[in-house]
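# Commentary on secondary and tertiary structure
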Amino acid sequence: MGLPNASGDLSTEVEVDAFRRLFPLRFYEKHLSESIRPDARPLGRARDTTIALGAVASANGSALAKIGSTTMLAAIKMEVMTPSTETPDEGCVAIDFHMPPICSPIVRPGRPAEAAPVVSKQLSDTILSSGMISLKELCLVSGKAAWMAYLDIYCLDADGALFDTALLSAVAAFSHLEIPVVSLNDDGKIVLLSEEQEGMSEREPVNREKRKLTLCSIPFSLTCILHKNYILADPTAEEESIMETLVTIVLDSSSQLVSLYKPGGPVLAYTSAIQDCIAITRQRVKELQKILEEAISVMEVD
Amino acid sequence: MMQVRPNLDYEGPKSHQHHRAFVFGFEYGFLKEKLDQKEAAKRANEQLGFVFDIGPNPWSKPATSSFGCKPSLVKMEYVSPEGLRLDGRRPMEMRQIRAEIGTVARADGSAVFEMGNTKVIAAVYGPREVQNRSQQISDQALVRCEYSMANFSTGDRMRKPKGDRRSTEISLVIRQTMEACILTHLMPRSQIDIFVQVLQADGGTRSACINAATLALADAGIPMRDIVTSCSAGYLNSTPLLDLNYIEDSAGGPDVTVGILPKLDKVTLLQMDAKLPLDIFENVMGLATEGCKAVANYIREVLLENTKQLEYRRGL
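About the thresholds
Residues numbered from 1 in each chain as written. Chains lettered and ligands numbered in written order. Predicted model: local features only at pLDDT ≥ 70, side-chain atom pairs only at ≥ 80, totals over all residues. Heavy atoms only, no water. Helix = DSSP H or I, 4+ residues; strand = E, 2+ residues; numbered from the N terminus. Buried < 20%, exposed > 50% of the residue type's maximum accessible area, 1.4 Å probe, protein only. Contact = heavy atoms within 4.5 Å. Areas by Shrake-Rupley, 256 points an atom, 1.4 Å probe, with all protein chains shown as cover. Pairing = 2+ DSSP bridges. Axes fitted to C-alpha atoms, helices over the stretch in contact; angles between N-to-C directions. Arc of directions from axis to C-beta. Buried area = accessible area lost by both parts, 1.4 Å probe. Nonpolar A, V, L, I, M, F, W, Y, C, P; charged D, E, K, R; others polar. pLDDT = per-residue confidence, 0-100. Salt bridge = Lys/Arg side-chain N within 4 Å of Asp/Glu carboxyl O. UniProt positions renumbered as here; feature names shortened; annotations may be inferred. Polar contact = N/O pair within 3.5 Å; in protein donor to acceptor, adjacent residues only side chain to side chain.

Bringing the overall build of chain B into the picture now. Across its full length, chain B carries 5 helices and 11 strands. Split into buried and exposed, the 316 residues of chain B put 55% on the buried side. A separation of at least 24 residues holds for 71% of the contacts in chain B among residues at least 6 apart in sequence. When the accessible surface of chain B is summed, it comes to about 14,700 Å², and 53% of that surface belongs to carbon and sulfur atoms.

Structure below.
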């Protein structure tokens, strides 16, 4: 092979692109046999992950999480509501996941993405069942007033691993959340106090310090793809569309299994494959914990 | 062609109803130059280079706010005697602008545009195959636009961010504005989708959306006659104000939004709320146009910088 000249490079590039479009599975298998993927990642490595807290100034808590190109913006808004009679001293958390048309060429205004309600339900179940948030912390006046936290997650760019990024952004938003200061009105109604009014108000605030939620056992997740004998961690959208068997594992910070999700797929997995996935996830959880802690400490320095 | 109808959906508090006058898709050049318009333009030009930072957090509204009352009962001071607005700007100063191109990797073109606290992300997909064959046009491209606000973008959480009347109206406005400048006859039987998502709303969302859409279309490489820039201006406490934020917008005074093609010096979008005497209207519109030109300068810089980066990466 001589020195490649500029025009030679272009034609081989075009051939590779065409091969990638026409025979995607063979293209990937050629890479997998060398234990590498087209974007030069080894099979078990996830893409670069970043978290930025406080991305939305109008919300009580917010975070922007990026895994590779997949971008999710999570924001929490708090409202006061009357708790139900069965649970008079518990607040409520409502989680909603949206995929607006900007995130992917497949989503159209008339036809919402298939993945959106699936991920929404998964997220809701995972966050509420993991015990990360104690609903009793959201209570203001027992039986009369409690907080309703609306968590909205918007996907700004959908490039695979939607659930992982969404969970990460949700967790980061909760760790950034600052509960606003309120006080009781004369008619017994809860009233929001802004910063300017704090000094001069005669009414005692019900929660004096702007409180943060205590989060125990934070869940982190990793999605893997199973294809023949290979396990690919953190797939991109292209990989997900070609090789359809996904396994999502959610572990909490003490490495306990919170959720395992394998919704069918052409590949049937032995339990040893699932064990391998769990091992990869365990390592990933440590990475994610570190990234989240760094993001929080950066915010506190500011 | 003037239509007057009451506006019932408004992003501010429902404290008043006001009428909206539409002048749509109107083209006229700035041929006549009245002396006071030139004066206002000169003053605006001097001060527009100087952008000011945003003031206190506009979403921490205290419960007992005077903004919910009728304007006749409470005399709110939007311009202090020293000539400073609520967020510390001078009347002819714009908020700080920031733009970024190429933020959504999967889109053909995308941009984030911020005007003060208003933050908007736009993505363009196209030209691509028309998804609904019955809507295909044989000699030009079909342009579609969707405007939606995130649930958390405004002070109170929005229940219905997409299908409500205001979003539909703004989608229509953006589509017609951008369609006027895209060279649709070059791409027959295809479709260009412009999606705009408001992440934070603090007044002037319409203008920010149009500016973001322009950048996204440029990033996607779609042929256009000229860039389209937009800015809003109002008139409160007998002073023309440039680039209203949410508090000033919901004050009940007039709000003029202008969209221009800067190089061709033509107006593609002109909308106004409330009542305004004609000579003051010309002043306010001239002010908004100057704001548009300042935005156009900034957008050109951003596009130039982006092109330099692309050339650098290609090794040219």
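Moving on, there is more to tell.
We now examine the overall build of chain A. Per the secondary structure count, chain A includes 7 helices and 12 strands. For chain A, buried positions account for 46% of its 302 residues. Here the analysis covers contacts within chain A between residues at least 6 apart in sequence; of these, 67% occur between residues at least 24 apart. Here chain A has roughly 14,900 Å² of accessible surface; of this, 54% comes from carbon and sulfur atoms.

As a further point, take the sheet that holds strand 9 (residues 219-227) of chain A. Residue and element names in this part refer to chain A. Taking strand neighbours across the sheet as the criterion, the 4 strands line up as 10-9-11-12 in an open arrangement whose pairing is antiparallel. With partners counted over all chains shown, the strands left at the sheet margins are strand 10 (230-233) and strand 12 (257-261), one partner each. Adjacent strand axes in the sheet meet at a mean angle of 25 degrees, parallel and antiparallel pairs treated alike. When strand 9 meets strand 11 (residues 246-252), the two strands line up antiparallel, connected through 7 bridges. Note that in strand 11 the partner of C224 across the bridge is V247.

What follows concerns helix 2 (residues 24-32) of chain A. An α-helical segment advances 3.6 residues per turn. Residues three or four places apart therefore align on the same side. Along helix 2 of chain A, the positions that sit buried rather than exposed are F27, Y28 and L32 of chain A. The buried residues of helix 2 of chain A occupy an angular sector of 135 degrees when the element is viewed end-on, so they sit on one face.

Counting from both sides, the interface comprises 34 residues of chain B and, opposite them, 33 residues of chain A. Summing both sides of the interface, chain B and chain A together bury roughly 2,800 Å²; the carbon and sulfur share of this comes to 56%. Three residues stand out in chain B for area buried against chain A, namely R106, F152 and R157 of chain B, and they jointly supply 28% of the buried area on that side. For the side of chain B that touches chain A, the secondary-structure elements that each account for two or more residues are strand 5 (118-129), strand 6 (142-149) and strand 7 (190-200) of chain B. Take the side of chain B that touches chain A: its biggest share by element is 5 residues, from strand 5 of chain B. Taken together, the residues of the side of chain B that touches chain A sort by class into 14 nonpolar, 11 polar and 9 charged.

For chain A, per-residue confidence averages 86 on the pLDDT scale, and residues scoring 70 or more make up 89% of the total. The least confident element of chain A, judged by mean pLDDT, is helix 5 (residues 195-200) of chain A at 48; the most confident is helix 4 (residues 162-176) of chain A at 95.

A few words now on the pattern of salt bridges. All names here are of chain B. Scanning the model with the defined rule gives 22 salt bridges over all chains in all. For D202, the salt bridge identified is with R95, shortest N-O distance 3.8 Å. You can see D202 sitting in the loop between strand 7 and helix 3 (205-220) and its partner R95 sitting in the loop between helix 1 (35-48) and strand 3 (97-101), a full 107 residues away along the chain. Each member of the pair, D202 as well as R95, is classed as buried. A salt bridge links D265 to K293; the shortest N-O distance between them is 3.9 Å. With D265 in the loop between strand 10 (255-261) and strand 11 (266-273) and K293 in helix 5 (residues 278-314), the pair connects residues that are 28 residues apart, well separated along the chain. For D265, a relative accessible area of 25% corresponds to the partly exposed category. Residue K293 is classed as partly exposed on the basis of its relative accessible area of 30%.

For the rest of this paragraph, the subject is the UniProt feature "domain: Exoribonuclease phosphorolytic" (unreviewed entry) in chain B. The positions UniProt marks with the feature "domain: Exoribonuclease phosphorolytic" (unreviewed entry) are residues 93-223 and 226-290 of chain B. From the first C-alpha to the last, residues 226-290 of chain B spans 17 Å; its make-up is 26% helix and 42% strand.

Residue and element names in this part refer to chain B. Strand order in the open sheet formed by 5 strands is 3-4-5-7-6, and the pairing between neighbours is mixed. Both edges of this open sheet fall to strand 3 and strand 6, since each of them pairs with a single strand only. The average angle at which neighbouring strand axes cross in this sheet is 15 degrees, direction not considered. Examined bridge by bridge, strand 6 and strand 7 share 8 bridges and lie parallel to one another. Paired with Y147 across the strands is V196, a residue of strand 7. Contacts from helix 2 (residues 165-181) reach strand 6 and strand 7 within the one sheet, and its direction differs from that of strand 6 by about 140 degrees. Sheet strands in contact with helix 3 are strand 3, strand 4 (109-115), strand 5, strand 6 and strand 7, and its direction is about 150 degrees off that of strand 4.

Another point: the environment of D193 of chain B. Residues and elements named next belong to chain B. With respect to the helices and strands, the residue D193 is situated in strand 7. Residue classification places D193 among the buried residues on the basis of a relative accessible area of 0%. Each C-alpha atom, one on D193 and one on Y125, is 5.1 Å from the other, the two residues being 68 residues apart in sequence. A distance of 3.1 Å separates polar atoms of two side chains, one belonging to D193 and the other to R144.

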